[in-house]
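Listed here are the chains, written in short residue letters.
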Amino acid sequence: MFHHVKDLQFNARVSRPDPRFANLLLEQFGGENGELAAAMQYFTQAFGAKVPHPDKYDMLMDIATEEFSHLEIVGATIQMLLKGVNGELKNAADSSEIMQVLNGKAAKEDIIHAAVFANPQFGIITGGGVTPRNSQGIPWCASYIHSNGDLTVDLRSNLASESRAKLVYEHLMKFTDDPYIHETLSFLMTREVTHYKMFEAALDSIQPNFPPGVLAADPRYLQNVYNLSDGTVRGPWNEGEIKGMGKEFNYVEDPIAQIQETEGQTKLPGDFSAEVKESEKLNKDMSKVKSAEVKNAEPKGVAQWSTYGAEPVQA
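The protein has the name Manganese catalase family protein in an unreviewed UniProt entry, where Mucilaginibacter sabulilitoris is given as its organism. In UniProt, the protein has this text filed under Sequence similarities (unreviewed entry): "Belongs to the manganese catalase family."

Student: Please clarify how the pattern of salt bridges should be interpreted in this entry.
Tutor: Between side chains of opposite charge, a pair can form as their charged atoms come close. For the structure on display, the rule yields ten salt bridges. Between K56 and D55 there is a salt bridge, with its nearest N and O atoms 2.9 Å apart. Its relative accessible area of 8% is what places K56 among the buried residues. The closest approach of N and O atoms between E263 and K267, which form a salt bridge, is 3.6 Å. A relative accessible area of 54% means that K267 is categorised as exposed.

Student: Explain the nonpolar core here, please?
Tutor: Nonpolar side chains in soluble globular proteins tend to be buried together. Counting residues in hydrophobic clusters, the biggest one holds 24 residues, and the most contacted among them are L25, I78 and L185. The set of elements that each furnish at least two residues to this core consists of α1 (19-25), α4 (54-81), α9 (151-173) and α10 (179-204). In this structure, L60, A64, A202 and L203 belong to the second largest nonpolar core, which totals 17 residues.

Student: Would you take a moment to explain the packing of helix α3 (residues 35-49) against α4 for this structure?
Tutor: Each packed pair of helices is defined by two parameters, the angle between the axes and the distance between the axes. At their nearest, the axes of α3 and α4 sit 8 Å apart, and the two run at 160° to each other. If you check the angle between α3 and α4, you find them roughly antiparallel. When the axes of α3 and α4 are compared, the crossing they make is left-handed. In this structure, α3 uses E35, L36, A38, A39, M40, Y42, F43, Q45, A46, F47 and A49 to contact α4, whose residues at the interface are P54, Y57, L60, M61, I63, A64, E67, F68, H70, L71 and V74.

Student: It is not clear to me how the side chain of D178 should be interpreted in this structure. Could you clarify?
Tutor: Position of D178 relative to the elements: it lies in the loop between α9 and α10. One buried charged residue, D178, forms no salt bridge at all, with the nearest opposite charge on R16 at 5.0 Å.

Student: What is the right way to look at the packing of α9 against α10 in this model?
Tutor: Relative to each other, α9 and α10 sit at 160°, their axes nearing to 9 Å. Overall, the two elements α9 and α10 adopt an arrangement that is roughly antiparallel. Between α9 and α10 lies a crossing of left-handed hand. Among the residues forming the contact of α9 with α10, the class breakdown is 14 nonpolar, six polar and seven charged.

Student: Whenever I open this one, the environment of A76 confuses me. Can you help?
Tutor: On the secondary structure map, A76 appears in helix α4. On the accessibility criterion, A76 (25% relative accessible area) is partly exposed. Put simply, A76 and R13 are 63 residues apart on the chain and 8.8 Å apart in space, counted from C-alpha to C-alpha.

Student: Teacher, can you tell me more about the packing of aromatic side chains here?
Tutor: Aromatic ring pairs are defined here through the distance separating the ring centres and the angle between the ring planes. Counting across every chain of the model gives eight aromatic pairs. Here F2 and F68 contribute two aromatic rings whose centre-to-centre distance is 6.4 Å and whose plane-to-plane angle is 85°, an arrangement assigned as edge-to-face. Note that F2 is positioned in the segment before α1 and F68 in helix α4, a separation of 66 residues in sequence. Judged by its relative accessible area of 55%, F2 falls in the exposed class. By relative accessible area, which is 28% here, F68 ends up partly exposed.

Student: So what exactly am I meant to see when it comes to unusual backbone geometry here?
Tutor: Most of the time, phi is negative for any residue but glycine, and the peptide bond is trans. Residue Q207 is joined to P208 through a cis peptide bond whose omega torsion reads -5°. Of note, P208 is situated in the loop between α10 and β1 (224-226). The omega angle of the peptide bond from F210 to P211 is -5°, so this bond is cis rather than trans. Here P211 is to be found in the loop between α10 and β1. Look at E263: it is not a glycine, yet its phi comes out positive at around 50°. Despite not being glycine, Q265 shows a phi value in the positive range, around 70°. On the accessibility criterion, Q265 (16% relative accessible area) is buried.

Student: Please clarify how the confidence of the model for the protein should be interpreted in this entry.
Tutor: Reading fine detail from the predicted coordinates is not recommended where pLDDT is low. Put simply, the protein has an average pLDDT of 85, and 83% of its residues get 70 or more. Per-element averaging of pLDDT across the protein places helix α5 (residues 89-94) at the bottom with 48 and α10 at the top with 97.

Criteria and thresholds
- Residues numbered from 1 in each chain as written.
- Predicted model: local features only at pLDDT ≥ 70, side-chain atom pairs only at ≥ 80, totals over all residues.
- Heavy atoms only, no water.
- UniProt positions renumbered as here; feature names shortened; annotations may be inferred.
- Salt bridge = Lys/Arg side-chain N within 4 Å of Asp/Glu carboxyl O.
- Buried < 20%, exposed > 50% of the residue type's maximum accessible area, 1.4 Å probe, protein only.
- Core = buried A, V, L, I, M, F, W, Y, C linked by side-chain atoms within 4.5 Å.
- Helix = DSSP H or I, 4+ residues; strand = E, 2+ residues; numbered from the N terminus.
- Axes fitted to C-alpha atoms, helices over the stretch in contact; angles between N-to-C directions.
- Parallel < 35°, antiparallel > 145°, perpendicular 65-115°, else oblique.
- Left-handed = near helix turned anticlockwise from the far one by under 90°.
- Contact = heavy atoms within 4.5 Å.
- Lys, Arg positive; Asp, Glu negative; His and termini not counted.
- Nonpolar A, V, L, I, M, F, W, Y, C, P; charged D, E, K, R; others polar.
- Phe/Tyr/Trp six-rings, centres within 6.5 Å; stacked < 30°, edge-to-face > 60°.
- pLDDT = per-residue confidence, 0-100.

See below:
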């Protein structure tokens, strides 16, 4: 159940209209790395976490709700940046308010061009309203959402999502000198960092969390790294210990020869039977653990999502 509070989480303000920047800011409203995508991603991920990880369900719902709050901040800022443009464009260009954008540097027609042609959606389709589209007018798409049904995978996706969103806010700051907008973007950018650390802590609290899923890596193919380009640089990603696994990388200098000699990895040198048997046992053990994790959390009898009256409802 959602309850909308009409006051924004952050007091978004703008100094003057700026349709050019309003268009850019749409990227964080309906873009691939925007607030709507983040809100829907965490919201959908939460459903699968409810039974096996009720504490993470609570976290995901909290962050998803905050992302909807951020979407409201972005939408409100865009609307304020279009002040004077939402009405009849010629009349708006004659008003003192919209003329502030010009700062004596451009003709009246320039601001009309910025308002309409930077993103025709504003003037032609939406009439100045904010819709879930990106800065090129492309509608928001559900394919932006990453929800895989495995919480450790989802949390890693979320770390990447928060990283990309922070970077977009950094780039947006370069395209406006409005101090009020800088304050808003700084707040939104900083919350991405907070969410990143929350997801990081949540992932760390799930043990084991590697490799993702249930099945262990096949020991016959795990350690090989291949020289697949000229002048390959050696580093901790292709030599030395595989971090946290107690195994060493095996650098294959000539992968073509290796494939031919092993008949496409089907006749490998050495005996891996013990390692394969251990991996198969681990697979069975992890399957039981994951299955029990869900089954033990399932209530007996009629399934019920909420337990009314169990906890006091806070406004």
